[in-house]
Amino acid sequence: MLWPSSKIFKPIATKGLLYTNPNTIKTTCSRLVNEISSYANNHCSVYKNYKGIMTKEHLSDNTGLWHKPAINGKIVGSQTRTSGTTGKRFAYLIDSRYYDYLEYYCHYQAVIREFFDYKPKSIFYFMANPIAITRGHKINDNIKEIITKPTIYSHGLRDVTVQTICFNNLTSKYLNNVVEQVSNKGIDVILSDGAHINALCNFIKNTGKTFKICKLLSNTNEKVLLEDLEFLKDNGFIDNWCDHMKCWDGGASFITCKHNTYHLLDDVAYCHSIDGKLISTDYFNQVSPFVNYWNGDYCDIDDKYEKCECGRWYRQFKFVKNRDFGSLHLESLKVKNKIKKLKISGIKFVKMGIRNEITIISNKNISKTDENSIRKALPYATIYFVNCGM
């Protein structure tokens, strides 16, 4: 049995499947997809006789026929749930046997390997809800800790100093404090997200401040504006940037290389698009298998492989709908309440994006009259209507 034998995974990790050739990549991915598909069919009743795209709703309604926390008599399934940026929060199991390999070696450490030929010493974390690193500490403006084992906050590295910038809001006073803490300090890496990067860019543009932020600005969790990253690099605030993501429900993962190309990590999950939906199959999850699964994201993915200057083969990939911006949570609640008052049936989710973009997802076509009512209630917004047929 090819899957889940480590004989296939270690060569992928050490030799680099994406550096081989299109035929090898396609053949390997096909074999891995077939192995996990066969496993899911034989061990999880939810997949038996199921045709088409697997959805969160179907899996949530049939957890007893899907979850398999014990493998060979040993509990290896770890309970978790999605953040809700692509719809309602969704509970599932992570296969803990592969967690460190996927989260650190294939994701956060992969970013470090791409941009550094040495081990970074100074890492900052500038994002919402720094719960893990601040546990047991009083939340204040700045927390410094030695991380002895790999974590997200240390970018998958061990025995490094991580400084966390905590916050309550993104006011000018707070952002000025952030700038004072990072300005010309020789920081190697700052891990952040699109909302905070956007706020920091606007603050810099408005104040005209000039300073060096860091060598690598690392973005994850939320969509980032390319123009923000280019502004920071072109004006010398950063040396490089990397946009990356790992979706645990479905396994979809990507990083950008030194040449700013988006690379889907076909060696950890296979992704393709159907009617604009991101469909993925995760090779590494036996306890809650994700096969031909839609996680709620919308994207365009090309089938053709091209050669990047970095040496990898890749397929053209881009998101076509925005995820929520975390810092817009309160504004998102206001928008949802305004739409709720209109009492329009069929609306499943309302998602906030950057630049006042709002995506309204429904299970049926919204009438033109109702669309106009929503636009009238939110005249400042660019509104997208998506019928997902759920």
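So, how was this worked out
Residues numbered from 1 in each chain as written. Predicted model: local features only at pLDDT ≥ 70, side-chain atom pairs only at ≥ 80, totals over all residues. Heavy atoms only, no water. Phe/Tyr/Trp six-rings, centres within 6.5 Å; stacked < 30°, edge-to-face > 60°. Buried < 20%, exposed > 50% of the residue type's maximum accessible area, 1.4 Å probe, protein only. Lys NZ or Arg CZ within 6 Å of the ring centre and 35° of its normal. Salt bridge = Lys/Arg side-chain N within 4 Å of Asp/Glu carboxyl O. Helix = DSSP H or I, 4+ residues; strand = E, 2+ residues; numbered from the N terminus. Expected span 1.5 Å × (residues − 1). Contact = heavy atoms within 4.5 Å. Pairing = 2+ DSSP bridges. Axes fitted to C-alpha atoms, helices over the stretch in contact; angles between N-to-C directions.

## Here we look at the packing of aromatic side chains
Tallied over the full model, the rule gives 22 aromatic pairs. Seen in terms of ring centroids, F317 and F319 are 5.3 Å apart; in terms of plane orientation they differ by 70°. Their pairing is edge-to-face. By relative accessible area, F317 is classed as buried at 9%. With relative accessibility at 24%, the residue F319 sits in the partly exposed group. K205 extends its terminal NZ or CZ atom over the ring of F231, reaching a point 4.8 Å from the ring centre. Lying over the aromatic face of W248, K246 brings its terminal NZ or CZ to 4.6 Å of the ring centre.

## Here's the deal with the pattern of salt bridges
As a working rule, side chains carrying opposite charge can pair if their charged atoms are close by. In total, this model carries seven salt bridges according to the counting rule given. The residue R312 makes a salt bridge to E114 at a minimum N-O spacing of 2.8 Å. Of this pair, R312 sits in the loop between β15 (293–307) and β16 (313–319) while E114 sits in helix α4 (residues 99–115), and the two are 198 residues apart along the sequence. Overall, the relative accessible area of 9% leaves R312 in the buried class. Across the pair K368 and E371 runs a salt bridge whose closest N-O atoms are separated by 3.8 Å. Of the two residues, K368 and E371 both sit in helix α10 (residues 368–377), three residues apart, roughly one turn of that helix. Its relative accessible area of 11% is what places E371 among the buried residues. Because the salt bridges share partners, they merge into one network encompassing K368, E371 and R375.

## Observations concerning helix α7 (residues 194–207)
For α7, built from 14 residues, the straight-helix expectation of 20 Å at 1.5 Å per residue is met to within 8% by its first-to-last C-alpha distance of 20 Å. With ten of 14 residues buried, α7 lies mostly within the body of the structure. All of the buried residues in α7 are G194, A195, H196, I197, N198, A199, L200, C201, F203 and I204. At its buried positions, α7 is contacted by β5 (122–126), α6 (172–182), β8 (189–192), β9 (214–219) and α8 (226–234). In the segment just after α7, G208 is the residue with positive phi, at about 70°.

## Things to note about the sheet that holds strand β13 (residues 269–274)
Pairing between the strands of a sheet is mediated by backbone hydrogen bonds and can be parallel or antiparallel. Strand order in the open sheet formed by four strands is β13-β14-β15-β16, with antiparallel pairing between adjacent strands. The two strands at the open ends of the sheet, each matched to only one other strand, are β13 and β16. The average undirected angle you get between the axes of adjacent strands in this sheet is 50°. Pairing between β13 and strand β14 (residues 277–282): six bridges, direction antiparallel. Opposite Y270, over in β14, you have T281 as the bridge partner. Relative to β15, helix α2 (residues 22–43) is tilted by about 150°, and along the sheet it contacts β13, β14, β15 and β16.

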